[in-house]
Amino acid sequence: MQVCAQCGRGNPEGARFCNACAAPLAAEAPVEVRKTVTVLFCDLVGSTTLGDRTDPELLRELMARYHAELRTILERHGGTVEKFVGDAAMAVFGIPHVHEDDALRAVRAADEIRAAVERLGLEARIGVNTGEVVAGNGETLVTGDAVNVAARLEQAANAGELLVGEGTHALVRDAVRADPVEALALKGKPEPVPAYRVLELLPDIPAFARTIEAAFVGRDDELESLERTLARAIDERSPQLATIVGPPGIGKSRLARELIQRTQARVLVGRCLSYGEGITYWPLSEIVSQLGDVQAVLRADEDAKLAASRIAAAVGTAETAASSEEIAWGFRKLFEALAREQPLIVVLDDIHWAEPTLLDLIEYISTFAEDAPLLLLCIARPDLFELRPAWATPKASTTLLTLEPLPEQETGILVDELSDVSDETKARIVEAAEGNPLFVEQLLAMQTEVGDGELEIPLTIQALLAGRIDRLGPEERSVIERASIEGRLFHRGSVAELLPEQARAGVGGHLMTLVRKDFIRPGRSQLPGDDGFRFGHILIRDAAYDSLPKRLRAQLHERFASWLESKLGNETPDEILGYHVEQAFRYRVELGTEDAHARELARRAGSLLAAAGRRAHARGDDGGARLLLERATRLLPEAHPELPSLLALLGTSTYEGGDAPSALETLQRAQAAAAAAGQRGVELRARMDELAILRGTSPGQEAAAALAEAEAAIVELEQLDDAESLARVWRAVMEIGFLRSDYGLVGEASSRLLECARRAGIRREEVWAVRGLAAALTYGPSPVEDAIVRVEQALADFPQERAGEDHLALLYAFAGRYEDAERAMGRSRRVRIELGQEIDHAGLSLDLAWIALLAGQPERAEPELRAAAEVLERAGEVGLLSSVAALLADVLYRLGREEEAGEWTRWSERATPPEDVGAQASWRTIRAKVLARRGEAEEALRLSAEGVEWIRRSDHLQAIGDCLSDQAEVLRLLGRDDEARPVLEEALAVYERKGIVPSIERTRTLLAEIKA
Ligand SMILES: Nc1ncnc2c1ncn2[C@@H]1O[C@H](COP(=O)(O)OP(=O)(O)OP(=O)(O)O)[C@@H](O)[C@H]1O
Ligand SMILES: [Mg+2]
């Protein structure tokens, strides 16, 4: 049997292609990887005319020199020459290994080529572009759109010009001066491709500047530890070696810089370069150049001359030669001499790029330097330990400082320091950066460029992480890639399962190496008998995942799904299983293989996500339900029997999530699909939802007609014995009861709803029913004490959903139990927020405001009502908005802000549906109060009388009492106490009938005032 290197499946001997994934089964079939590389195209200008004029022998020689020169330059910068075609050349940076600075390397090479070609008396056109390609692992041949764009850029360049694409520009922008040029039209691309002309390359600038803009945040312990180490070097006059280790961007160099700023010691800094010729002693020559005359520094030493000549040999200022030991000795003398004058810190940054010779030198000096207050401060990424596993092993004079991510709160401070983005964006950045300050900076920079929205991962960070992953050995790499399939958290078992059979045995060792290299960390296992891990950073997981070819992703997701199912059986969460099957399908579609198997995957994923969506909806998790159901309905085929009911459910969740227009669209689709499938119950259900939304969003819909439609539907559905649909229709009736402030109707409909919902086993509808009952008990004629007992009982059956607790809160306030009211309201709100029920949450503001008014604290109600009004307006939910606006008007009136109060009554008037009895009454009586204050007697009297007339149609006792009180206030403001008295007495009687204690007391006081 031969095992496929691509997917791990066994295949019969002699087969040429894998039966499972169709990859070629050559002994060492190349494994493909996706990676972001930088491609360079270069061509000579007018070389044909050159051929006309030049002797062929000369020409041949010239071309040979050109080719050789080109190759040398490209290779010096780490590029791979992919091909020469005549005078044109193509090179790739990122093959076989990606570097974080590939783009800059390519641009540097291009710049040198430009100059070299000029020296040959020729001119070149160069195009450079960065983008995703597919490459054989370890091979050079790359394919992808990025290559075509690079070629096109080269063709578009003028003689002697270097054009770079957008990606390249983003990656090198701090190191070049460049102008945008007109975007290039490209075959097969709908949009023109942006391009930049590079005018100048700035020397010695890293690809993207790490500007020190933000004040330094946190790291107190680390600084203190470094300061202690320095103090020890000074006290004991002996060298100390401290090494700061951590992943890219975590803040190592910045920490060193902070230490330098706080110290009196002399500081010399050298940085190792990631590539280049003769770079072994580069950091030391940087140091020497900070000193000026070395000989003068060494003057006091007897070996001065010798030391100086060895140093000169190392940094290339003299032609003399010296062995590495001799050079090390020379620098030891130099540092000793300097430190004896004044305590000295030598910073060596990025020593993970150091040549072994330099590391030896550092260790030698730290061990042998004598009588010298010297701190050798080294900075490295964890890769250092691959080079030198024993670096900084514990010794008296050696310190290792590992930098961990900044805590969340400090990351937040950093974001604030750097820019002022919205709280939402800030939270997203803090979350995505996970305590890495460089990621914070780059994410913020990206944000200001593209504006608020989905966070994208900046190219700079992608390049950094891809570079780290690309440096892993092939086996570790295939382990980390497979791990990325499960997600941020993964298990050893799944990785082993996804690896080709022959690679499984080594998985444990490779995982431990990855832990040591700080890519992953041990995590909590969620599967019995397995080990859990987590990626050190979500972006590392994403980078590993991105490097997998899509065809392989498709296979691995599918295999993961089967594996998970085999582990957990029926316990496997539908969401998770559905997600992996969905991904398997999606990548197949992206690659154009929508065959029978793909269709089967879609159906399976759709059913799984549908089940998860239904459960989320039943829990009341509308936000979650919407996302799951959207995916499910997109996956299932048009003719699937479940589709109509899923669409109906999606419509409901969408509306509850606060998006009325798209909810309506979905519900109409649901009705059409249900009608086509002959599912009458589903069709009626969706229609009821549609009517409910229309009532809420476009005033003028006739509640009477809707009620008639509902009644007809009830007759039809009772015959069909469709309890689920019946429940929905009864809910519609209940909603019409609300609209008319007819709590008798609400009470009846909600008890029928409860019965149907129980029969159909739909907890969500039961919750609605209980809330309806609670509302009927709260607002209808039942006395408060009695209502409290009954609502508390009903609530006990739904401890999770806390059904009707907001109404209970109001009942407590009616009874004067404010503390109980606050507590109940707090719980109720938390549940709504958690479940993403925006509209419902806005609805709570009404009860909340009434409670505040009963407690005599109108100022507390204002912000709540304003926030609710905003949500409702955004959602297009004018029905509820009219009540909120009216109540806000009342609150403002009581706060003495009549102008604004009048404004909001006009708002309410505009938004009030014609049959919304409560809102019709209250905007009128509240406007009447405002007018009465202004002395507009006639209009005030008319409106208050109309308002009272409206509210008398309802059985909402509190509202009746309040409208009467408003009318009485109007009369009193107009100096008609005599007429006010009977109105107030009636209000008192209504309050007493219900048992609203605070209102009873207030009304009694008012009556006493009038009598006095
Ligand atoms: N504690 C901090 N407070 C404020 N800004 C910070 C802090 N730490 C780091 N930064 C900023 O984050 C960016 C990255 O930090 P730094 O360059 O020190 O990372 P590094 O660990 O040296 O990364 P590399 O390994 O890539 O060199 C810099 O712009 C730095 O100024
Ligand atoms: Mg650094």
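In case you missed it, the structure is sitting above this.
These numbers were taken from a predicted model, which means no experiment stands behind them. (Residues numbered from 1 in each chain as written. Chains lettered and ligands numbered in written order. Predicted model: local features only at pLDDT ≥ 70, side-chain atom pairs only at ≥ 80, totals over all residues. Heavy atoms only, no water.)

S.K.: Just checking my understanding: could you explain the overall build of the chain for this structure?
M.R.: A count of helices and strands for the chain gives 44 helices and 18 strands. Expressed along its principal axes, the backbone C-alpha trace of the chain runs to roughly 115 × 75 × 65 Å. Residue burial in the chain is summarised as follows: out of 1012 residues, 55% are buried. When contacts within the chain are restricted to residue pairs at least 6 apart in sequence, long-range pairs at least 24 apart make up 67% of them. Carbon and sulfur atoms make up 50% of the accessible area of the chain, which amounts to about 43,200 Å² in all. Mean positive and mean negative side-chain charge positions of the chain (117 and 167 charges, respectively) differ by 2 Å. (Helix = DSSP H or I, 4+ residues; strand = E, 2+ residues; numbered from the N terminus. Buried < 20%, exposed > 50% of the residue type's maximum accessible area, 1.4 Å probe, protein only. Contact = heavy atoms within 4.5 Å. Areas by Shrake-Rupley, 256 points an atom, 1.4 Å probe, with all protein chains shown as cover. Lys, Arg positive; Asp, Glu negative; His and termini not counted. Charge placed at Lys NZ, Arg CZ, Asp CG, Glu CD.)

S.K.: I keep staring at unusual backbone geometry and nothing clicks. Help me out?
M.R.: One can expect most non-glycine residues to show negative phi and most peptide bonds to be in trans. You will see that Asp 721, though not glycine, has its phi angle at about 55 degrees, which is positive. By secondary structure assignment, the location of Asp 721 is in the loop between helix 29 (703–720) and helix 30 (723–739). Given the relative accessible area of 53%, Asp 721 is considered exposed. Phi angles above zero are rare outside glycine, and Ser 741 is one such case at about 50 degrees. In this structure, Ser 741 sits in the loop between helix 30 and helix 31 (743–760).

S.K.: Is there a simple way to think about the site of ligand 1 in this case?
M.R.: Near ligand 1 you find 21 residues, and of these Gly 249, Lys 252, Arg 254, Arg 381 and Glu 441 are the closest. With respect to ligand 1, the backbone of Gly 249 contributes an N or O atom lying 2.7 Å from an oxygen atom. Gly 251 places a main-chain nitrogen or oxygen 2.9 Å from an oxygen atom of ligand 1. Calculation on ligand 1 without its partners gives an accessible area of 630 Å², and the protein chains cover 97% of this total. (Near = heavy atom within 4 Å. Polar contact = N/O pair within 3.5 Å; in protein donor to acceptor, adjacent residues only side chain to side chain.)

S.K.: Which parts of the structure should I look at to understand the packing of aromatic side chains?
M.R.: A ring pair, where both rings are aromatic, is described by two values, the distance of the centres and the angle of the planes. In this structure the tally under the stated criterion is 10 aromatic pairs. Ring geometry for Phe 490 and Phe 535: centres 5.2 Å apart, planes at 50 degrees, overall tilted. Taken together, the residues span a long stretch of sequence, with Phe 490 in strand 16 (residues 489–491) and Phe 535 in strand 18 (residues 532–535) at a distance of 45 residues. You can call Phe 490 buried: its relative accessible area is 1%. Note on Tyr 743 and Tyr 779: the rings are 5.3 Å apart at their centroids and 45 degrees apart in plane angle, and the pair reads as tilted. Residue Tyr 743 is found in helix 31, and its partner Tyr 779 is found in helix 32 (residues 763–779); the two are separated by 36 residues along the sequence. Neither residue differs from the other here; Tyr 743 and Tyr 779 are each classed as buried. Clustering of aromatic rings is evident, with ring pairs tying together Phe 738, Tyr 743, Tyr 779 and Trp 850. If you follow Arg 541 out to its NZ or CZ, it ends over the ring of Tyr 545, 4.4 Å from the centre. (Phe/Tyr/Trp six-rings, centres within 6.5 Å; stacked < 30°, edge-to-face > 60°. Lys NZ or Arg CZ within 6 Å of the ring centre and 35° of its normal.)

S.K.: Whenever I open this one, the packing of helix 24 (residues 596–619) against helix 26 (residues 643–656) confuses me. Can you help?
M.R.: For any two helices packed against each other, the geometry comes down to the angle between their axes and how far apart the axes lie. Between helix 24 and helix 26, the shortest axis-to-axis distance is 11 Å and the interhelical angle comes to 40 degrees. Between helix 24 and helix 26, the interaxial angle falls into the category oblique. Note on packing geometry: the crossing formed by helix 24 with helix 26 is left-handed. Facing Ala 610, Arg 614 and His 617 of helix 24, the residues of helix 26 in contact are Ser 645, Leu 646, Leu 649, Thr 652 and Ser 653. (Axes fitted to C-alpha atoms, helices over the stretch in contact; angles between N-to-C directions. Parallel < 35°, antiparallel > 145°, perpendicular 65-115°, else oblique. Left-handed = near helix turned anticlockwise from the far one by under 90°.)

S.K.: Would you mind going over helix 15 (residues 423–433) with me for this structure?
M.R.: Helical geometry: 3.6 residues make up each α-helical turn, so side chains three or four residues apart lie on a common side. Residues of helix 15 that are buried include every one of Thr 425, Ile 429, Val 430, Ala 432 and Ala 433, and no others. At the C-terminal side of helix 15, Glu 434 shows a positive phi close to 45 degrees.

S.K.: Explain the pairing of strand 4 (residues 80–85) to me, please; I cannot follow it from the model alone.
M.R.: Two faces make up the sheet, and in a regular strand the side chains alternate between them. Bridge count for strand 4 against strand 5 (residues 88–93) is 5 bridges, and the pairing is antiparallel. The residue of strand 5 that forms the bridge with Thr 80 is Val 92. Turn length for the strand 4-strand 5 hairpin, with the two strands adjacent in sequence and antiparallel, is 2 residues, and the turn residue Gly 86 shows positive phi of about 60 degrees. (Pairing = 2+ DSSP bridges.)

S.K.: Help me understand helix 3 (residues 102–119), please; the structure alone is not making it clear to me.
M.R.: Compared with the 26 Å implied by 1.5 Å per residue over 18 residues, the 26 Å span of helix 3 between its first and last C-alpha is a close match. For helix 3, the complete set of buried residues consists of Asp 102, Ala 103, Leu 104, Arg 105, Ala 106, Val 107, Ala 109, Ala 110, Ile 113, Arg 114, Ala 116 and Val 117. One or two positions beyond helix 3, positive phi appears at Gly 121, with a value near 80 degrees. (Expected span 1.5 Å × (residues − 1).)

S.K.: Explanation requested: the side chain of Arg 310 in the structure shown.
M.R.: Positionally, Arg 310 belongs in helix 10 (residues 304–315). Excluding residues within four positions of it along the chain, Arg 310 makes contact with Ala 322, Glu 326, Ile 327 and Trp 329.

S.K.: Got a minute to help me understand the nonpolar core in this structure?
M.R.: For soluble globular proteins, the rule of thumb is that nonpolar side chains tend to be buried together. In this structure, Trp 730, Val 733, Leu 811 and Leu 865 are the most contacted members of the largest nonpolar core, which totals 109 residues. The element contributing the most residues to this core is helix 36 (residues 838–854), with 11 residues. (Core = buried A, V, L, I, M, F, W, Y, C linked by side-chain atoms within 4.5 Å.)

S.K.: Where do I start with the pattern of salt bridges in this structure?
M.R.: Close approach of charged atoms lets side chains of opposite charge pair. Under the defined criterion, the tally for this structure stands at 84 salt bridges. As a salt-bridge pair, Arg 631 and Glu 582 come within 2.6 Å of each other at their nearest N and O atoms. With Arg 631 in helix 25 (residues 622–635) and Glu 582 in helix 23 (residues 574–590), the pair connects residues that are 49 residues apart, well separated along the chain. Because the salt bridges share partners, they merge into one network encompassing Arg 237, Arg 332, Lys 333, Glu 336, Arg 340 and Asp 371. (Salt bridge = Lys/Arg side-chain N within 4 Å of Asp/Glu carboxyl O.)

S.K.: How do you make sense of the sheet that holds strand 14 (residues 374–380) when you look at a structure like this?
M.R.: Within a sheet, each strand pairs with its neighbour through backbone hydrogen bonds, oriented either parallel or antiparallel. Pairing in this open sheet of 5 strands is parallel, and the strands run 12-13-14-11-15 from one edge to the other. Each of the sheet's edge strands pairs with one partner strand only, and the pair in question is strand 12 (266–271) and strand 15 (398–402). When the angles between neighbouring strand axes are averaged without regard to direction, this sheet yields 15 degrees. Looking at chain direction, strand 11 (residues 240–245) and strand 14 are connected through 6 bridges and run parallel. When the bridges of strand 14 are listed, Ile 244 appears paired with Ile 379.

S.K.: So what exactly am I meant to see when it comes to the packing of helix 40 (residues 917–933) against helix 42 (residues 957–973) here?
M.R.: In contact at an axis separation of 9 Å, helix 40 and helix 42 are set at 15 degrees when each is read in the N-to-C sense. Of the possible angle classes, the one that applies to helix 40 and helix 42 is roughly parallel. Considering how the two elements wind past one another, helix 40 and helix 42 form a crossing that is left-handed. Here Ala 921, Thr 925, Ile 926, Ala 928, Lys 929, Ala 932 and Arg 933 of helix 40 lie close against helix 42, whose contacting residues are Cys 963, Asp 966, Glu 969, Val 970 and Leu 973. Among the residues forming the contact of helix 40 with helix 42, the class breakdown is 7 nonpolar, 1 polar and 4 charged. (Nonpolar A, V, L, I, M, F, W, Y, C, P; charged D, E, K, R; others polar.)

S.K.: What is the right way to read the side chain of His 537 from this model?
M.R.: Mapped onto the elements, His 537 comes out in the loop between strand 18 and helix 21 (538–546). For His 537, the side chain forms a polar contact with the main-chain oxygen of Ala 433, separated by 2.9 Å. The residues contacting His 537, other than those within four sequence positions of it, are Ala 432, Ala 433, Glu 434, Phe 439 and Arg 488.

S.K.: Got a minute to help me understand the sheet that holds strand 16 in this structure?
M.R.: With respect to topology, 3 strands assemble into an open sheet ordered 16-18-17, the strand pairing being antiparallel. The outermost strands of the open sheet, each flanked by one partner alone, are strand 16 and strand 17 (520–523). Here the strands of the sheet are splayed against their neighbours by 35 degrees on average, with no regard to which way each runs. Packing against the sheet, helix 18 (residues 474–486) makes contact with strand 16 and strand 18, and its axis sits at approximately 115 degrees to strand 16. This element, helix 20 (residues 507–516), spans strand 16, strand 17 and strand 18 of the sheet and lies at about 110 degrees to strand 17.

S.K.: Can you walk me through the environment of Tyr 812 in this structure?
M.R.: Along the chain, Tyr 812 turns up in helix 34 (residues 805–814). The buried category is assigned to Tyr 812, whose relative accessible area is 8%. Along the chain, Tyr 812 and Val 997 lie 185 residues apart, while their C-alpha atoms are 10.0 Å from each other. Discounting chain neighbours no more than four positions away, the residues touching Tyr 812 are Ile 788, Glu 792, Arg 817, Asp 820, Ala 821 and Ala 824.

S.K.: How should the state of the cysteines be read in this particular structure?
M.R.: In protein chemistry, a disulfide is the covalent bond that joins the sulfur atoms of two cysteines. This model, assessed by the stated rule, comprises 0 disulfides. Residue Cys 378 stays outside any disulfide, its sulfur separated by 8.6 Å from that of Cys 272, the closest cysteine. Classification of Cys 378 as buried rests on a relative accessible area of 0%. (Disulfide = S-S within 2.5 Å.)

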